[in-house]
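# Structural overview for review
Listed below, chain by chain, are the residues.
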Amino acid sequence: METDGYKIRDQTKPHYVTFTVVDWIDVFTRKIYKDIIVENINYCVKEKGMIVFGYVIMSNHLHLIIQSKNNDLSGLIRDFKKFTAKAIINQIKTGRESRREWMLALFSKATETHGRNKTYQFWRYGNHPEEVYSTKFLWSKLDYIHLNPVRSGLVEKASQYKFSSAQNYVEGSGIIDITLVDNPVMNVHNDDAFWKSIVW
């Protein structure tokens, strides 16, 4: 159940969702953690009926536009968040992570305000789901997603960022198997005129 006033009312429809690390911890500045997300999205696409129309993995959050072939988007999201949280925390514990103690302390402290997780809480509760009700709305969200790394100064063009579906749309392939949405291809960049033209 969503705690931020948003909820998935139609489990059959695609939704724009955001998953945020507790306390906005920059976990995904390390490639190894981004790789865990990629691996799990690809697994969900192949084995769990997830349809991905777009995504981006940033330093402390990820945006996705997803749909469930099995008409259980809430369950798919719940399982994805649970499994990735467990895998990433395990990697933090066992890997060469210089921030280990600090991160685990924050993940542990986050459980004090919620009773669901007994040891660590990795993801913030709530996904802020927004139902995709039109192609125009879908493309406004895709543009927003793809511009995230550009606005953050990580790349000059959206397609240069490996951990985003912009590569799929511009170059025809990427590290995640997504479902492309028909639209004239634009390699979005941080142009003020273009930015202002996006419909929110």
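Quick caveat: nothing in here was measured; it's all calculated off a predicted structure. (Residues numbered from 1 in each chain as written. Predicted model: local features only at pLDDT ≥ 70, side-chain atom pairs only at ≥ 80, totals over all residues. Heavy atoms only, no water.)

Counting 59 residues, the largest nonpolar core has Val27, Phe28, Phe107 and Phe122 as the members making the most contacts within it. If you tally residues by element for this core, the top one is helix H2 (residues 73-94), at eight residues. Setting aside chain neighbours within four positions, we find phenylalanine 122 in contact with Thr20, Val21, Val22, Val27, Phe28, Ala85, Ile88, Ile89 and Phe107. (Core = buried A, V, L, I, M, F, W, Y, C linked by side-chain atoms within 4.5 Å. Buried < 20%, exposed > 50% of the residue type's maximum accessible area, 1.4 Å probe, protein only. Helix = DSSP H or I, 4+ residues; strand = E, 2+ residues; numbered from the N terminus. Contact = heavy atoms within 4.5 Å.)

Within the open sheet, the four strands sit side by side as E2-E3-E1-E4. Their pairing is antiparallel. One side of each edge strand has no neighbouring strand; the edge strands of this open sheet are strand E2 (50-57) and strand E4 (130-131). Sheet analysis places strand E1 (residues 15-20) next to strand E3 (residues 61-68), joined by six bridges and oriented antiparallel. Paired with threonine 20 across the bridge in E3 is histidine 61. The sheet contacts of H2 involve E1, E2 and E3, and relative to E3 the element is tilted by about 140°. (Pairing = 2+ DSSP bridges. Axes fitted to C-alpha atoms, helices over the stretch in contact; angles between N-to-C directions.)

For H2, with 22 residues, the first-to-last C-alpha span of 32 Å sits near the 32 Å given by 1.5 Å per residue. Every buried residue belonging to H2 is among Leu73, Gly75, Leu76, Ile77, Phe80, Lys81, Thr84, Ala85, Ile88, Ile89 and Ile92, and all of these are buried. (Expected span 1.5 Å × (residues − 1).)

It is worth spelling out the confidence of the model for the protein chain at this point. Residues with a pLDDT of 70 or more make up 86% of the protein chain, whose mean pLDDT is 88. For the stretch residues 1-5, pLDDT sits under 50, and the model shows ten contacts to residues farther than four places along the chain or on other chains. Confidence over residues 184-200 falls short of pLDDT 50; this stretch has 34 contacts with residues more than four positions distant or in other chains. (pLDDT = per-residue confidence, 0-100.)

The subject of this paragraph is unusual backbone geometry. With a phi angle near 60°, aspartate 23 is a residue other than glycine that sits in the positive phi range. As for its position among the elements, aspartate 23 is in the loop between E1 and helix H1 (31-47).

With that settled, consider the environment of leucine 147. Here leucine 147 is to be found in helix H4 (residues 135-151). Given a relative accessible area of 0%, leucine 147 falls into the buried group. Residues leucine 147 and alanine 166, spaced 19 residues apart in sequence, show a C-alpha to C-alpha distance of 8.9 Å.

With respect to the helices and strands, glutamine 67 occurs in strand E3. On the basis of relative accessible area, glutamine 67 is assigned to the buried category, the value being 17%. Among the polar contacts made by the side chain of glutamine 67, one reaches the main-chain carbonyl oxygen of threonine 12 at a distance of 2.8 Å. Excluding residues within four positions of it along the chain, glutamine 67 makes contact with Thr12, Lys13, Pro14, Gly49, Met50, Ile51, Phe53, Leu73 and Leu76. (Polar contact = N/O pair within 3.5 Å; in protein donor to acceptor, adjacent residues only side chain to side chain.)

Before going further, it helps to examine the packing of H1 against H2. Taken N-terminus to C-terminus, the directions of H1 and H2 make an angle of 150°; their axes are 10 Å apart at the nearest point. Classified by the angle their axes make, H1 and H2 are roughly antiparallel. As H1 packs across H2, the resulting crossing turns out to be right-handed. Judged by residue contacts, Ile32, Tyr33, Ile36, Ile37, Asn40, Ile41 and Cys44 of H1 engage Leu76, Phe80, Phe83, Thr84, Ala87, Ile88, Gln91 and Ile92 from H2. Looking at side-chain class alone, the contact of H1 with H2 contains twelve nonpolar, three polar and no charged residues. (Parallel < 35°, antiparallel > 145°, perpendicular 65-115°, else oblique. Left-handed = near helix turned anticlockwise from the far one by under 90°. Nonpolar A, V, L, I, M, F, W, Y, C, P; charged D, E, K, R; others polar.)

Our focus in this paragraph is H1. Counting along an α-helix, one turn takes 3.6 residues, and residues three or four places apart therefore face a common direction. For H1, spanning 17 residues, the distance from its first C-alpha to its last is 24 Å, which sits close to the expected 24 Å at 1.5 Å a residue. If you check which residues of H1 are buried, you get Tyr33, Lys34, Ile36, Ile37, Val38, Asn40, Ile41, Asn42, Cys44 and Val45. Contact partners of the buried residues in H1: E2, E3 and H2. Once H1 ends, the next one or two residues include glycine 49, with phi positive near 75°.

Each pair of aromatic rings is reported with the distance of its centres and the angle of its planes. Tallied over the entire structure, the rule returns nine aromatic pairs. Here phenylalanine 19 and phenylalanine 80 contribute two aromatic rings whose centre-to-centre distance is 5.8 Å and whose plane-to-plane angle is 35°, an arrangement assigned as tilted. Of this pair, phenylalanine 19 sits in strand E1 while phenylalanine 80 sits in helix H2, and the two are 61 residues apart along the sequence. Exposure class is identical for phenylalanine 19 and phenylalanine 80. Each is buried. Measuring from ring centre to ring centre gives 4.8 Å for phenylalanine 122 and tryptophan 123, while their planes differ by 85°; the resulting arrangement is edge-to-face. No difference in accessibility class separates phenylalanine 122 from tryptophan 123, as the two residues are buried. Every member of this aromatic cluster is reached through a ring pair, and the members are Phe19, Phe28, Phe80, Phe107, Phe122 and Trp123. For lysine 141, the ring lying beneath its charged end belongs to tyrosine 16, and the centroid distance is 4.5 Å. (Phe/Tyr/Trp six-rings, centres within 6.5 Å; stacked < 30°, edge-to-face > 60°. Lys NZ or Arg CZ within 6 Å of the ring centre and 35° of its normal.)

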